[in-house]
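Chain and residue survey
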Amino acid sequence: MTKPVILQVGAYPEQDQQLLDAAFTVHRLDLAHDRTALLAKVGADVQAIATRGELGADHAMIDACPNTGLVAVYGVGVDAVDLEICRDRGIRVTNTPDVLTGDVADLGVAMMLAQSRGVIGADTWVRDGSWTGKGLYPLGRRVFGRKAGILGLGRIGRAVATRLAGFGMDIAYSDLTDMQNIKGWTFIADPVDLARHADFLFVTLAASPATRHIVSKDVIEAVGPEGMIINVSRASNIDEQALIAALGDGRLGAAALDVFEGEPALDPRFLKLPNVLLQPHHASGTVETRKAMGQLLRDNLTAFFAGQDLPTPIQ
Ligand code: 8YV
C-alpha cells in the first residue's frame, strides 16, 4: 500500500520522527541542501505539509505544493502559516492547542522568577568564585505580592495568571473583551494603561497582523525602569527595536524573552544587554508536552488522510 506523502518543514524529536516515517512518505525540507530544488522535484506529490509553529508555511511553499490539502502545525501559533491562501484554496489547517498550555505558562513564570531574583547570575556567582571572593550577591527584586499585567487572557494567559495568583500577585489583564469578574482579576482595556499598572507585563496573546507591535514604545515605557516584560508568545507582538533601545538606556528595567525576530539568529545587541534573560524558544519544550504535540500532529494527519473530522482544526 502506498503511504500518503507529506512535506516536513522542520525537525521533530526522534521518537516522533520514527512514527512519522513509518506512517508516511516524508520529504524533509529541513534536511534539503537546496530547498527550491526539493520543492520543484516533489512539490506536486505533497498531500499535506507538517510544520512547526515558528516555521509555518508561507505563500511560496504552498504554491510549490499545489496538491496539498492540509497544513498541520506542531505548535499552537499559526501566525507563520499563510491562512488567507489556505482559505482561498480550501486547504485545512490544524494546530496542537491545550497540550502545551501548562508548560508555556510554567516557563513564563520561571523566566519572571529567574530574572527578578538573578538566578542565572547567582549560579555564575557561585561557580566563578565570586561568592568567596566578593561576598554577597547583589539584591534582586521581590515577586510575590506585586502587580502582574497579562496581555492576552487566552488559554496561556489564564494559565500564567492562575500560577501568579499562587504568588499572591495582583492580576490585571487586557484582551478584546472584559471577561466580567473572572476570578477577581481586573480588566484594563488599553495595553498602555495595563503596562503602567503592572510591575511584570506578560505577553501571552496569539500573534496576527492585528497584534503586530502591540507592545509599542509607549507600552514599553509605561512598564518603566522598575518593570519587566516577559514574552512567551511571538516576537512580532513586541516592537523589538524599541525594546532593545529601552533596555539599553534604562527606560525599561528588564525583559525575559523566549522568542525573537529572525530567530534563532537574534539581534546581536541582545547579547550585550545585562538586563535581558534570553531563552531559545523552548516554552513548550518538555518530554511530556512534545510527546503530546507529536501525537496530536499525527492524529490530525491520520484523520485527514482517512477523510475523518480533524481533531484540532483552525480552519
Ligand atoms: C513551537 C510554538 O512550535 O506552540 C507554538 O506556537 O511556537 C512552539 O510550541 C515549538 O517550539 C516547536 O517548534
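Residues numbered from 1 in each chain as written. Predicted model: local features only at pLDDT ≥ 70, side-chain atom pairs only at ≥ 80, totals over all residues. Heavy atoms only, no water.

Quick notes on the overall build of the chain
A count of helices and strands for the chain gives 13 helices and 12 strands. Taken over the C-alpha trace, the chain has a radius of gyration of 21 Å; the compact-globule value for 315 residues is 20 Å, and the two agree within 12%. The proportion of buried residues among the 315 residues of the chain is 49%. For the chain, restricting intrachain contacts to residue pairs at least 6 apart in sequence, the fraction spanning at least 24 positions comes to 58%. Taking the 29 positively charged and 37 negatively charged side chains of the chain as two groups, their mean positions are separated by 4 Å. (Helix = DSSP H or I, 4+ residues; strand = E, 2+ residues; numbered from the N terminus. Rg over C-alpha atoms; globule rule 2.2 N^0.38 Å. Buried < 20%, exposed > 50% of the residue type's maximum accessible area, 1.4 Å probe, protein only. Contact = heavy atoms within 4.5 Å. Lys, Arg positive; Asp, Glu negative; His and termini not counted. Charge placed at Lys NZ, Arg CZ, Asp CG, Glu CD.)

Digging into the sheet that holds strand 3 (residues 48-52)
Taken in spatial order, the five strands of this open sheet run 2-1-3-4-5, and their pairing is parallel. Each end of this open sheet is capped by a strand with a single partner; those strands are strand 2 (25-28) and strand 5 (92-94). The mean angle between the axes of side-by-side strands here comes to 20°, regardless of whether they run parallel or antiparallel. Here five bridges tie strand 3 to strand 4 (residues 70-74), and the two strands are oriented parallel to one another. Pairing of Ala-48 across the sheet is with Leu-70, part of strand 4. Against the sheet, helix 1 (residues 14-23) contacts strand 1 (5-8), strand 2 and strand 4, and its axis sits at roughly 125° relative to strand 2. With respect to the sheet, helix 13 (residues 287-306) is in contact with strand 1, strand 3, strand 4 and strand 5, its orientation differing from that of strand 4 by roughly 170°. (Pairing = 2+ DSSP bridges. Axes fitted to C-alpha atoms, helices over the stretch in contact; angles between N-to-C directions.)

Quick word on empty space enclosed by the protein
One pass over the full model with this rule turns up one cavity of 30 Å³ or more. Forming the walls of the largest cavity are Asn-231, Ala-235, Ile-238, Glu-240, Leu-243, Leu-257 and Val-259. Per-class residue counts for the lining of the largest cavity are five nonpolar, one polar and one charged. (1 Å grid on protein atoms, 1.4 Å probe; cavity = no way out; pocket = protein on both sides within 12 Å on 5 of 7 lines; lining within 4 Å. Points joined across faces, edges and corners; volume = space filled by probe spheres on them. Nonpolar A, V, L, I, M, F, W, Y, C, P; charged D, E, K, R; others polar.)

Brief notes about the sheet that holds strand 10 (residues 228-231)
The seven strands are arranged 8-7-6-9-10-11-12 in an open sheet whose pairing can be described as parallel. Each of the sheet's edge strands pairs with one partner strand only, and the pair in question is strand 8 (186-187) and strand 12 (276-278). The sheet contact formed by strand 11 (residues 254-257) and strand 12 spans three bridges and is parallel. Paired with Leu-257 across the strands is Leu-278, a residue of strand 12. Together, strand 9 (200-203), strand 10, strand 11 and strand 12 form the strand contacts of helix 5 (residues 101-117), whose direction differs from that of strand 10 by roughly 150°.

Overview of the pattern of salt bridges
Taken as a whole, this structure holds 16 salt bridges when the rule is applied. A salt bridge links Arg-298 to Asp-16, with the nearest nitrogen and oxygen atoms 2.7 Å apart. Highlighted residues: Arg-298 in helix 13 and Asp-16 in helix 1, separated in sequence by 282 residues. For the pair Arg-298 and Asp-16, one class covers both residues: buried. (Salt bridge = Lys/Arg side-chain N within 4 Å of Asp/Glu carboxyl O.)

What to know about the side chain of Ser-233
Here Ser-233 shows up in the loop between strand 10 and helix 11 (240-249). Looking at Ser-233, its side chain comes within polar contact range of the side chain of Asn-231, at 2.6 Å. Reaching out from Ser-233, the side chain makes a polar contact with the side chain of Asn-237 at a distance of 3.0 Å. Setting aside residues no more than four positions away along its own chain, Ser-233 makes contact with Val-203, Thr-204, Leu-205 and Val-259. (Polar contact = N/O pair within 3.5 Å; in protein donor to acceptor, adjacent residues only side chain to side chain.)

Considerations on the domain arrangement of the chain
Per the domain assignment, the segments making up the chain are domain 1 (5-98 + 288-306) and domain 2 (101-278). The distance between the C-alpha centroids of domain 1 and domain 2 comes to 31 Å. In this complex, domain 1 contributes eight residues to the contact, which on the side of domain 2 involves seven residues. For the pair domain 1 and domain 2, the summed buried area comes to about 620 Å², and 39% of that belongs to carbon and sulfur atoms. A salt bridge links Asp-98 to Arg-155, with the shortest nitrogen-to-oxygen separation between them at 3.7 Å. Seen at the junction of domain 1 and domain 2, the total is four residue pairs in polar contact (both at pLDDT 80 or more). Looking at the side of domain 1 that touches domain 2 residue by residue, the classes come out as two nonpolar, three polar and three charged. (Domains from an automatic or database assignment. Buried area = accessible area lost by both parts, 1.4 Å probe.)

Overview of the layout of surface pockets
Roughly 1100 Å³ of internal volume is contained in the largest pocket. What lines the largest pocket is a set of 50 residues, among which Val-76, Gly-77, Val-232, Ser-233 and Arg-234 lie closest to the centre. When residues of the lining of the largest pocket are traced back to their parent elements, those giving at least two are helix 5, helix 8 (155-165) and helix 13. Taken together, the residues that form the lining of the largest pocket break down as 26 nonpolar, 14 polar and 10 charged. Counting contributing residues per domain, the lining of the largest pocket is built from domain 1 (5-98 + 288-306) and domain 2 (101-278), each supplying no fewer than three.

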